[in-house]
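Letter by letter, the chains look like this.
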Amino acid sequence: MKKTNLFFFFVVFIMALTSNAQTKDLNGQLISDDEVEGLHILNKTSAKYAISNEDGSFTIPAKALDTLFISGLKYKNQELVITQSTVDVGSFSVQLIEKINELDEVIVGKILTGSLESDLENSDAKTEINFYDLGIPGYKGKPLTQNERKLHDADGGGPIYTGLGVNVHKLLNRISGRTKKLKEIVALDNEDKCIERLRREYEDAIFKTDTLADNLKNEYFYFCQEDEGFKSLCEENNDLKAIEFLQTKLKAYKKNRESVTKD
């Protein structure tokens, strides 16, 4: 009888431990004054991961004592151990910490003699510092669009594998397909910009001799954008080729419409 009771209590004890260690979908919230979309949350214990939404929210399966690893290009990596109370509540928030790049110390009050040769020899002046030399995500060209910034955040930060370790944020973006999706979005944005520029600069010239009804012009320009050679045309930025391309596509567009009308 004693053995039966002992076995019973043992089973109850195991069931209690199992119920307390059950995995549950937890709702997380990343908090920051800057962009919080596309950050990776990795459950190191179970090898599950999630990607934050535009508002910083995410859902990830976890249980008590699981360790979450949160990474993003703009923020310091953080680890968070899930407690039983967090599992019971079902939600939690994480305050992100932005990376701060410290610059070299600046010496003020350098004494100059007035002699150009002497001052140049004694000067500590160095080659102009580049944003990327300092690890600052700066950019000297045209300002990046919102989608270009998202792509830079998802696929930036140097190579995936280095002698110092693995760029987890970049690797997970590649595995999840987020980087590929963002590249496709950026490419489509660039094509839209290109067709808008071509229409703005050449529409009057194209339709001066070969007219087209106003309600069909939008369809015609979309027809041009779908051409396989459209991307290379935009990259070349050649006025003569652009006009020839638009004229050729206009004839093809009209021919297609005639065949559809006959059918």
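Coordinates for the structure precede this section.
As the structure is a computational prediction, the values presented were derived from the model and not from experiment.

**Observations concerning the overall build of the protein**
Next, step 1: Each helix and strand counted, the protein has nine helices and nine strands in total.
Next, step 2: Buried residues in the protein amount to 30% of all 263 residues.
Next, step 3: For the protein, contacts bridging at least 24 residues in sequence account for 57% of all contacts bridging at least 6.
Next, step 4: Looking at the protein as shown, the accessible area adds up to about 18,500 Å², and 55% of this sits on carbon and sulfur atoms.

**Side note on the pairing of strand β6 (residues 75-81)**
Two faces, one strand: in a regular strand the side chains alternate between the faces of the sheet.
Next, step 1: Where strand β5 (residues 67-72) and β6 come together, five bridges link them in antiparallel fashion. Note that in β6 the partner of L68 across the bridge is L80.

**Let's talk about the packing of aromatic side chains**
Next, step 1: Inspection of every chain in the model, using the stated rule, returns seven aromatic pairs.
Next, step 2: Ring geometry for F207 and F221: centres 6.3 Å apart, planes at 90°, overall edge-to-face. You can see F207 sitting in the loop between α6 (178-206) and α7 (214-225) and its partner F221 sitting in helix α7, a full 14 residues away along the chain. Summarising the burial analysis for this pair, F207 and F221 share the class buried.
Next, step 3: Between F223 and Y253, the ring centres sit 5.7 Å apart and the planes meet at 55°, which makes this aromatic pair tilted. Separated by 30 residues along the polypeptide, F223 in helix α7 and Y253 in helix α9 (residues 239-262) bring together distant segments of the chain.
Next, step 4: Looking at F223, the relative accessible area reads 19%, which means it is buried.

**Structural notes on the packing of α6 against α7**
Next, step 1: In contact at an axis separation of 10 Å, α6 and α7 are set at 125° when each is read in the N-to-C sense. Judged by the angle between their axes, α6 and α7 are oblique. At the point where α6 passes α7, the crossing takes the right-handed sense. On α7, the residues touching L188, E191, D192, I195, R199, E203 and I206 of α6 are K217, N218, Y220, F221, C224 and Q225.
Next, step 2: Class assignment for the residues of the contact of α6 with α7 results in six nonpolar, two polar and five charged.

**Remarks on the nonpolar core**
Within soluble globular proteins, side chains that are nonpolar generally end up buried alongside one another.
Next, step 1: Ranked by size, the top nonpolar core spans 19 residues in total, and within it L198, I206, F207, L212, Y220 and L246 carry the most contacts.
Next, step 2: Listing elements by their share of this core, those giving two or more residues are α6, α7, α8 (230-236) and α9.
Next, step 3: Residues within four places of L246 in sequence aside, it is in contact with L198, Y202, I206, Y220, F221 and C224.

**Focus on the sheet that holds strand β4 (residues 57-62)**
Next, step 1: Spatial ordering of the open sheet is given by β4-β1-β7, a layout of three strands whose pairing is mixed. Because the sheet does not close on itself, it has two edges, and the strands there are β4 and β7 (91-95). Strand after strand, the sheet turns through a mean of 30° between neighbouring axes, direction not considered.

**Some thoughts on the state of the cysteines**
Disulfides are covalent bonds that connect the sulfur atoms of two cysteines.
Next, step 1: Per the stated rule, a full pass over the model turns up one disulfide.
Next, step 2: With a sulfur-sulfur separation of 1.9 Å, C194 is cross-linked through a disulfide to C234. Looking down the S-S bond of the C194 and C234 bridge, the torsion is -100°, so its handedness is left-handed. Of the two residues, C194 is situated in helix α6 and C234 in helix α8; the sequence distance between them amounts to 40 residues.

**Structural notes on unusual backbone geometry**
Next, step 1: Located in the positive-phi region is A47, a residue other than glycine, with phi close to 65°.
Next, step 2: Topologically, A47 is positioned in the loop between β2 (40-43) and β3 (48-51).

**Things to note about the side chain of S57**
Next, step 1: Along the chain, the position of S57 falls in strand β4.
Next, step 2: For S57, a relative accessible area of 18% translates into the label buried.
Next, step 3: Engagement of the side chain of S57 in a polar contact is seen with the side chain of D55, the distance being 2.7 Å.
Next, step 4: Those residues in contact with S57 that lie beyond four places of it in its chain are G28, Q29, I51 and S52.

The rules behind each value
- Residues numbered from 1 in each chain as written.
- Predicted model: local features only at pLDDT ≥ 70, side-chain atom pairs only at ≥ 80, totals over all residues.
- Heavy atoms only, no water.
- Helix = DSSP H or I, 4+ residues; strand = E, 2+ residues; numbered from the N terminus.
- Buried < 20%, exposed > 50% of the residue type's maximum accessible area, 1.4 Å probe, protein only.
- Contact = heavy atoms within 4.5 Å.
- Areas by Shrake-Rupley, 256 points an atom, 1.4 Å probe, with all protein chains shown as cover.
- Pairing = 2+ DSSP bridges.
- Phe/Tyr/Trp six-rings, centres within 6.5 Å; stacked < 30°, edge-to-face > 60°.
- Axes fitted to C-alpha atoms, helices over the stretch in contact; angles between N-to-C directions.
- Parallel < 35°, antiparallel > 145°, perpendicular 65-115°, else oblique.
- Left-handed = near helix turned anticlockwise from the far one by under 90°.
- Nonpolar A, V, L, I, M, F, W, Y, C, P; charged D, E, K, R; others polar.
- Core = buried A, V, L, I, M, F, W, Y, C linked by side-chain atoms within 4.5 Å.
- Disulfide = S-S within 2.5 Å.
- Polar contact = N/O pair within 3.5 Å; in protein donor to acceptor, adjacent residues only side chain to side chain.

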